[in-house]
Structure formats: structure tokens, C-alpha cells
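Single-letter residue listing:
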Amino acid sequence: MARLAIVLAAAALLAGCATPYTLVEPKRQTVGGVISVEPGMKWNKLGSANVKGKVEIWTLDGSVLNTLVFFAGVPDGEPLFVRASADQDKTEKPPVFRSAMNPLEVQELLEATVRRYFQTTLAEEANLRAEPVAEGRGFRFDTRMVGRDEVERSGVFVGTVRNGKLYGAWFQGAKLHYFQRYLPEFDRIVASARLVGDAAR
Amino acid sequence: MNPARRHFGCVLCGLAWLALARGAAAQGLADRFLVPPRYQPSAGSDEQGLWRQMDRVERELKTSRFVVRDPQVNATLRDIVCRLGKEYCSDIRIYVVRTPQFNASMAPNGMMEVWTGLLLRCSDEAQLAAILGHEMGHYLRHHTLDRYRDARDKSSFGAFLGIGLAAAGAGYVGSLANLALIASIFAYSRDQEREADEIGLELMSKAGYAPLAAPEVWQQLIAEAKAGTSERSESVMFASHPEPEERLVTLREAAKRMDSGKGERGAERYRAMLGGVRESILHDELALRQYGRSEVVLDRLLAQSPDDGLLWYGKGEIYRLRGGQDDPARAIEAYGKALAAKGAPPETYRSIVVVELKQGHKDRAQAAFDTYLKMKPDSPDTAALRMLLEQ
């Protein structure tokens, strides 16, 4: 039965079927107490019952169609995210973020994390380039994934490493329609991003 | 997967070569086959129902993006199966699935699934033939049908079985997920594994392959699993069969009895077969970040092919990605060996850029970048590497 659970969880992507949603209004919001952003439309924040990590997940049309994952200060030695239901004694150690990682290594880390979480070999991260993020130096790269449901998803990751911690946002949506449609909204959110609280010090 | 958690059928049917060949000699090989060539289940039988479910799964698998379409890989696997069981050649359909773990499986309707992690780990055609023969053994002895009937008769199993088959029919989470569901139903018994072992070994031996390749496969898996222990790895291979060493000994004894010393290995042909897919298979392996296991696999392959630049590159990548204290130096050494050997990918230079930059050797990084640009001017990494060099 454990196997059945894993497969179904993978199909439901970064959220469980019974995950409660909270409405996110289009006004300035604080994510994880460290990232301040201003969305331009109403989003839904997911309870992260199935995901463990310094992440907060939003969606517009449901997590199967699109997700926005914020990385709210991943510290050295921690994975980006793992399946909360995974039995840590029985699974391989997940790859972890290191403070000394350069953007290319962060890109590789996200790919390894995605492959592991979504149980897929069809995941690629590419086209890394520099981009100002949260009033400082940052980077952006593109993502592509085919999940076990055989749906192709496109995505984009924007991030920065400050004081040894990773801050970022990864938007992913079904390649057909759902990614392109909301990419301007993602860019708007990224442009509005500031680090606050402990992250700003 | 971790694709690893996706079982279908038998996890190389557990490779349970228990008590191999101990009582098999009494009957001729073909007499033991319960499934004649071009077999079809009788109309209206429970078996026919099971086949129809499998046919639906297979229809989805046929179009899956995870299936490897490389013509040489598919043609070679087909040739091996036909060589092992000529009469059954048209009854068995093989699907190579891009999944970086060691597994193969067989469905009752003749649908065979082989994972790419298995292809990476085999040294030659004889080792692959040992595995494919084992899977054919399950098919020829009707094992899946037996398991289905057994499971159906157990009331406690009924609900799960219902879920599994309903999912197979409905296809609501995609074909590969369906396979995983069905897989859980068909966990073979030890006796069935033993039978498949006996038949597989006989098939490969009769086909002219070296039977000693069969215990080698098992030995390799044990070594790999031991290397993975420090990573708290769940072993797919050993999930249902707790005494791998015992099986290795038994299998080795049986193979020695059959060995004429003239069996074929097909190492060169095997490497040639993988030519078009090796890079992607290696990339999938490295992305698992199971450094200890991957190192054991690559070391073994390198012992066989020390002049293989792609394998040395893979070794370098293990060290680069692991990033331990001495790993940058190890990585640079491995990349050097890759470039001195044959077939190192241009990405070797890309990785040298990354490692040298981290070591503060900007000049060396720049030199590697310049070479990389010459070798791969259209690389999608160019902007990224420039960014790193400028930081």
C-alpha cells in the first residue's frame, strides 16, 4: 500500500488531495516571514502537508495545473523540499543545499530534487542567466518536467543566495496554456520581491 | 521513482536464484513450459480478463514519454529474447523505460518492461540475457496468473486487488502509475522465483551465452547495495528476498555445472548497443545523488573499460556533486582521465570550469571555458558559465 500511496501522491504533485487552501489577496504579503511580495491576482496558499522544507506553495488553478513555490531561506545542509510522507529510514538521503553553491549548482540541485520528488527522469533545468532579485544580485533559469501523469510542465526559477541561505520562487505550470498565461504574473511577483525580517539583516 | 519505489512484477523478480537447478533436470526444458507459442487465454476466462487489463496498460505504455525509442537498444533486446526463446519471439513485447533503477518485469500478456538502470549495470549481453531469460521463465510458467488467482482468493487482498485493476482500466493517473499499482499484486513467491531462475539459466545457456554471467549480476547488486548502506538506502533488489549471499552461492554452483567455458559474453556488442543512450542513462544515475552506489557501478564498468571517457566523466561528476573535502581534487583527476581516454563528452570542460572556479583557479576555469566554447559553441550553458566567470 505504501507504493500505491507514493504513486498517487506523485500524481497530485506538490499537494495532497485533501490539502486545505487559504486565499491570498492581491496585496503585499509576507512569505515564510522573510520574503515580501505583491501578487497582482488572487492566489491560493496550500497547506504543505505533503511537502517538508522551507517552502510555501501557492496555486491559481490547482496544483496539478500550476504551482508557485517560494523558498524562504533554505539553510546550509537542508534539502529544498522532500515528501513529508517519506520514511527517512528507508529512503536515500536527499540532496541538500550548500551555502557555497553557485547558481549553476542550485540549478542542478533543483533538478535532482524535482526528479526525486516527482519520481521522474524527464526533468531538465537550463538557460541559467543573471537577474537582479530582491534588490540585489540573483539568477533565473528555466525548468521543464514530465510527471508520472505524462503531462509536460514548463517552469522558471528565480533565486538569490544571501547570508548563506537560498531565497527564491519557482513557478511551474502545464506547458499547454497554464504556464504562459501566468508567467507575467510571476514576473510581477518577482519584481515586487524584497527580503524582510531576519533575511534583510 | 524515487523511481526506485515503483515496482512492477518482480524486481528482477528479486533475482531469487534459490536452490537453483537442484531438481530441474528431471524434465526437459520445453516440457516445463505451461504457455505454448502464440498462446491466447480461453474466451470468458478470468485469465482473459486479466490479459485485457494488461492490454490497456500496454496501450498507454506504448505512447509513454518514458519509453526509450532508440532503435538499436530495442532491436538488440528483441534479438536477445528471440535468441532465448525463438518460438516465443512474437509473443513477447519489450519496453525499455527510462528509470534509473535495476528492474525488469513481465506481465501475463507478454509485455516485458526493462528499466534503463538495469541496462547501465549490465556488463555484457550475457548478463542481460540472464535477466531477460528469468523474466521469460515467469511468463512460460504462468506465474502472474497464479499470483492473480492466489491474491483473488484471499479476502484480505480483495480490496487492494480491486483498486489495482480498476486503476489499470481507468487510466486516471497515467500508464506508469497503473503499472505500479498492478505490480503490487504480482509479487512472486520464492518457489516461482526459483522456477524462473532455473528456466532463465537454461534458456541463456542453450542460447550459447556464458551461464556464469547470471551469478555475476547478483554479485554486482550485492556489492552495490552494500555501498548504499551508508546512504540508508532501501534496496529495491532485496525487498522481498532476504538472503542474497545464499542465492549467489546457489546460482554460482548451478551456473558452474552448466558452464562449458565456450559461452558468449557479447561485451563489445553490448557497449555498442548502448551508444546512443549511455549519456542520458548516466545522467539519470548521477541525478539520483546516490554517490556510493554510483561509484561502485562506475568503478566496475571502468575496470572492464578503462579507456572509456564517458565513465571517467561520470566519476568526476560524482565527486563534484558530492562536494566533500577532497572531492574537488578527485573530480579534476577524473576529468583529466576522461579527457585522456576516448569519448569524454564536451561537458567535461564545463564541469572543470565549475570545480576550478570553486577552488579559486580562475585562469584554469577560463581555459576550460574557452575549450568548451570551441567544442560546443551552441551550448545552452554558455551564458551561465560566463556569469560564473564574471562573478
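Residues numbered from 1 in each chain as written. Chains lettered and ligands numbered in written order. Predicted model: local features only at pLDDT ≥ 70, side-chain atom pairs only at ≥ 80, totals over all residues. Heavy atoms only, no water.

## Overview of the sheet that holds strand β2 (residues 29-31) of chain A
All names here are of chain A.
For step 1, the next point in the chain: If you trace the three strands from one edge of the open sheet to the other, you get β2-β3-β13, paired in antiparallel fashion. Only two strands of the sheet have a single neighbouring strand rather than two, namely β2 and β13 (194-195).
For step 2, the next point in the chain: Note: β2 against strand β3 (residues 35-37), three bridges, orientation antiparallel. Within the sheet, the bridge partner assigned to V31 lies in β3 and is I35. (Pairing = 2+ DSSP bridges. Helix = DSSP H or I, 4+ residues; strand = E, 2+ residues; numbered from the N terminus.)

## Focus: helix α2 (residues 71-84) of chain B
Residues and elements named next belong to chain B.
For step 1, the next point in the chain: Here α2 contains 14 residues, and its C-alpha end-to-end distance of 20 Å stays within 8% of the 20 Å for a straight helix at 1.5 Å per residue.
For step 2, the next point in the chain: Of all the positions in α2, only V73, T76, L77, I80, V81, C82 and L84 are classed as buried.
For step 3, the next point in the chain: The secondary structure elements touched by the buried residues of α2 are β1 (93-97), β3 (111-115), α3 (116-121), α4 (125-140), α8 (190-206) and α11 (267-274).
For step 4, the next point in the chain: Residue D70 occupies the N-cap position of α2, its side-chain oxygen lying 3.0 Å from the main-chain nitrogen of Q72. (Expected span 1.5 Å × (residues − 1). Buried < 20%, exposed > 50% of the residue type's maximum accessible area, 1.4 Å probe, protein only. Contact = heavy atoms within 4.5 Å. Polar contact = N/O pair within 3.5 Å; in protein donor to acceptor, adjacent residues only side chain to side chain.)

## A few points about unusual backbone geometry
For step 1, the next point in the chain: Of note, the phi angle at A134 of chain A is positive, near 45°, even though the residue is not glycine.
For step 2, the next point in the chain: When you line up the elements, A134 of chain A lands in the loop between β9 (123-130) and β10 (139-146).
For step 3, the next point in the chain: What makes A134 of chain A buried here is its relative accessible area of 9%.
For step 4, the next point in the chain: The residue R289 of chain B is not glycine, and still its phi comes out positive at about 55°.
For step 5, the next point in the chain: Along the chain, the position of R289 of chain B falls in the loop between α12 (278-287) and α13 (291-304).

## With respect to the state of the cysteines
In a disulfide, the sulfur atoms of two cysteines are held together by a covalent bond.
All names here are of chain B.
For step 1, the next point in the chain: Enumeration according to the criterion identifies one disulfide over all chains in this entry.
For step 2, the next point in the chain: With its sulfur 1.7 Å from that of its partner, C82 forms a disulfide with C89. On the sign convention where negative means left-handed, the S-S torsion of about 50° between C82 and C89 marks this disulfide as right-handed. (Disulfide = S-S within 2.5 Å.)

## Describing empty space enclosed by the protein
Where empty space is left becomes clear once a probe the size of a water molecule has been rolled over the atoms.
All names here are of chain B.
For step 1, the next point in the chain: Approximately 180 Å³ is the volume found for the largest cavity.
For step 2, the next point in the chain: Elements supplying a minimum of two residues to the lining of the largest cavity: α3, α11, α12, α13 and α14 (309-322).
For step 3, the next point in the chain: For the lining of the largest cavity, a count of residues per class yields 10 nonpolar, three polar and three charged. (1 Å grid on protein atoms, 1.4 Å probe; cavity = no way out; pocket = protein on both sides within 12 Å on 5 of 7 lines; lining within 4 Å. Points joined across faces, edges and corners; volume = space filled by probe spheres on them. Nonpolar A, V, L, I, M, F, W, Y, C, P; charged D, E, K, R; others polar.)

## Observations regarding the confidence of the model for chain B
When pLDDT is low, close inspection of the predicted coordinates is not appropriate.
Residue and element names in this part refer to chain B.
For step 1, the next point in the chain: Per-residue pLDDT for chain B averages 82, and the proportion of residues at 70 or more is 79%.
For step 2, the next point in the chain: Taken as a whole, residues 1-26 scores under 50 in pLDDT and shows 133 contacts with residues more than four places along the chain or in a different chain.
For step 3, the next point in the chain: For the stretch residues 155-178, pLDDT sits under 50, and the model shows 52 contacts to residues farther than four places along the chain or on other chains.
For step 4, the next point in the chain: Reported confidences for the modelled complex are a pTM of 0.86 and an ipTM of 0.88. (pLDDT = per-residue confidence, 0-100.)

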